[in-house]
Amino acid sequence: MAEMPARLALAALCAGALLLPTPLAAQTAAQLQIMQSGRRTMTAERMRDGEKVVLDGVLDEPVWDRAQHGGEFIMQDPVLGGAPTERTEVRIVYDKDHLYIGATLYDSEPDKLKGNTRKRDEFLSADDRFMWTMDTFLNQQTGYFFEMNPAGLMADALKAPSGANAREWDGIWNARARQSEIGWVLEIDLPFRSLAFDPNAPAWGINFQRTVRRKQEELLWTGHQRNQGLQRMANAGLLLGLRDVSPGRGFEVRPYASGYAAAAPGRTPPVASDTSGDVGVDLAYNLTPSLRAVATINTDFAETEVDQRLVNLTRFPLFLPERRTFFLDGQTYFDLPFNSFFSRRIGLVNGQPQPIVAGGKLNGQTGRNDLGALYVRTAEDDGAAGESFLVGRWRRRLLRQSYVGAFYTGRTTHDGLGADTRHTAGLDFRIATAEFLGNRNLAATGYWVSHSAGAGGSDPDAYAGRVEYLNDIWEATADVQAVGADYAPAVGFTPRREYRFYNPELIWSPRPKTRHPYIRRFRFGFDPELYTDLQNRKQSMSLDVTAFRLELHSGDNVEVGVTPSYERLDDPFQIAAGVVLPGGTEYDFTRYRVAVNTANQRLVSLRPTVEFGTFFSGHRTLYSFGVDVRPRPGVRVNTTWEQNDVDLPEGRFETRLLRVVTDTQFSPFMYLVNNVQYDSVSKVLGWQARFRWIVRPGNDVFVVYTHNWIDSTVEAQSRFRTLDRRAAAKVVYTKRF
């Protein structure tokens, strides 16, 4: 594989996927089986010529009167299979270009609706909400997730066959919410050109869920069993009646213009104030209604949020998620196992941006095949060599919920500088069913990854297997993993190597046999983790026991746990400045924890946690305290304080972390976020103010200011001095054809 040119490898991967037989008759038979499975159905009403829907949250157009609602929902919690205490009606209408959803969510106490959050893609753990999923290929594995609340918040995600949700995806759609004396109403516009779909599918999979927050009541249209739910497309209902719809011409132009002012007087060497401007463009074309090609020129990430600060007291690096839009779009097609593709390896050097000259992506579906291909070229910048990155991903969907897949990554340094071209390739699979023992979920997954010798060493393999039984009231998983001594994928994230890993886990979540006025359920768990070297000698072990967890109908919960641990240090470990644990030592220690969470929907919610006990050669106490304050709709202040007090014979130290995030959400289309963070390890105080105005979906204005100070206690005149500061503004426009 080392001699195979990167482009040839990717071409072979994608060509092989495209050439695999995908007989139309087989697909039609699979869809026919779904159509005859007795699932719940609803029918979309086609709009007549000349009819329009005005998006205002009022379902007063004649087409809404003709449309039949899908029927009543079924309670999942607190009473399984019970009748909802509040009525919900959902209707769907459409024309050639748009799918419209009208949801009427009746409420007997509309003054008690919870709708504090307005910011795009925020999680709705404290609000009333309406969620829906759509399987637009009727394949029971992929799809879309959407949710809204009474304030009009809009959130969405892509659903992958692995079960993961890519919430970072921002689809172009629009909606309006209106509250009244009957409850609240949603009027939603989903352009067909915003969705990848099979135009020949006899139906779409669809499901809905409503949360009545003050009652902690969960209601579903179908799939209400606790081992089913909204996210499992194999349990979705069917949307009938769609015909003669258009994905548009499939061409999209997304230009941007940005301006910057930056200085770094406290860095080494100092950087004087500088201003600059830039322009670039993203181009997208739908080769088919289900296959999309994207090109980016002079890519810019001015709007990117700062990373969340973390304090690391382990020997291994921490994972930081991707936040840049180009890499997040279509993310589910690049979900390589074991972080074999970690996009932060591209265009970031030691956390600082490196210019991206151009890039391109191809992702989508053809028949039973899911395809993803990515190419990015970075420019040489401040001593960092320019590079080319190539990623290929293929999955072949099998049966109802299974797939096999292959993947490839390549990394090449321009002009022959730096390391040789490095190739990584692998295989993975998922075999799953929702009909084990009748109606139980059972799945098995696995992968194998290897890379060329140019990445170093003669033991470059990693492989793993996992079995999971995720049901109510029992959940059980078993993981086995092995990573070679020289495993180091060039575009991956590898915190640890040269080990074997074993992790069986068991969770029991019983509920009171009769409905208790306060208690919803209990939870007990056992989660042991064992790491050995490749000769099966124990390296580290933890036996995480959830001794007791109590969840109340109110949303409050309390948990008590204990974790006996073992660590073997073959080499010295500097756990803090001036504190070094010697190599060739073994440690047994036990830690205890108590955690309390009050219900998120309250005006003030609290998250106190205390962990204490032995730690390596001494003792450690962790205090963590979170406070959420929601003084009025659209305003939220989230404060997190974390302190570690560590007392070891080798030395004493403490760490502190403070984070204050203030969200000011003027509407679902305009918000300002202030994020202030400080940690005593880096001694850096950081502030980012991020303003976003969604002029209309797809057209955005961003203004971002970031300032970092160093805690310089040796300077008498000023404790904090500026490390760097940067202001940026960006305008994005989307034109569709």
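The structure under discussion appears in the preceding block.
Structure report, in brief. (Residues numbered from 1 in each chain as written. Predicted model: local features only at pLDDT ≥ 70, side-chain atom pairs only at ≥ 80, totals over all residues. Heavy atoms only, no water.)

This part is about unusual backbone geometry. For residues besides glycine, phi is generally negative; the peptide bonds are generally trans as well. Following Asp77, the chain continues to Pro78 via a peptide bond in cis, the omega torsion being 5 degrees. For Pro78, the position within the fold is in the loop between strand E3 (74–77) and strand E4 (88–94). In this chain, Asp472 is followed by Ile473 through a cis amide linkage whose omega measures 15 degrees. Along the chain, Ile473 turns up in the loop between strand E26 (462–470) and strand E27 (474–483). Positive phi values are uncommon outside glycine, yet Asp121 reaches one of about 70 degrees. Looking at the element boundaries, Asp121 is found in the loop between strand E5 (98–106) and strand E6 (129–135). (Helix = DSSP H or I, 4+ residues; strand = E, 2+ residues; numbered from the N terminus.)

Applying the stated criterion to the full structure yields 52 salt bridges. With a closest N to O distance of 3.3 Å, Glu45 and Arg66 form a salt bridge. Taken together, the positions of Glu45 in strand E2 (residues 45–46) and Arg66 in helix H3 (residues 62–66) put the pair 21 residues apart, joining distant regions of the chain. Judged by relative accessible area, Glu45 falls into the partly exposed class, the value being 25%. When the shortest N-O distance is used, the salt bridge between Arg568 and Asp570 registers 3.0 Å. A relative accessible area of 15% means that Arg568 is categorised as buried. (Salt bridge = Lys/Arg side-chain N within 4 Å of Asp/Glu carboxyl O. Buried < 20%, exposed > 50% of the residue type's maximum accessible area, 1.4 Å probe, protein only.)

Another point: the packing of aromatic side chains. Think of a pair of aromatic rings as described by two things: how far the centres are apart, and how the planes are tilted against each other in angle. Within this structure, the stated rule accounts for 35 aromatic pairs. Taken together, a centroid distance of 6.1 Å and an interplanar angle of 55 degrees make the contact between Phe573 and Phe616 tilted. Placement of Phe573 in strand E32 (residues 573–576) and of Phe616 in the loop between strand E35 (604–615) and strand E36 (618–632) is noted, with a sequence separation of 43 residues between them. We classify Phe573 as buried; its relative accessible area is 9%. With relative accessibility at 9%, the residue Phe616 sits in the buried group. Each member of the aromatic cluster is reached from another via a ring pair, and the members are Phe130, Trp132, Tyr144, Phe146, Trp169, Trp173, Phe208 and Trp221. The residue whose ring lies beneath Lys119 is Tyr671, and the NZ or CZ to ring-centre distance is 5.7 Å. (Phe/Tyr/Trp six-rings, centres within 6.5 Å; stacked < 30°, edge-to-face > 60°. Lys NZ or Arg CZ within 6 Å of the ring centre and 35° of its normal.)

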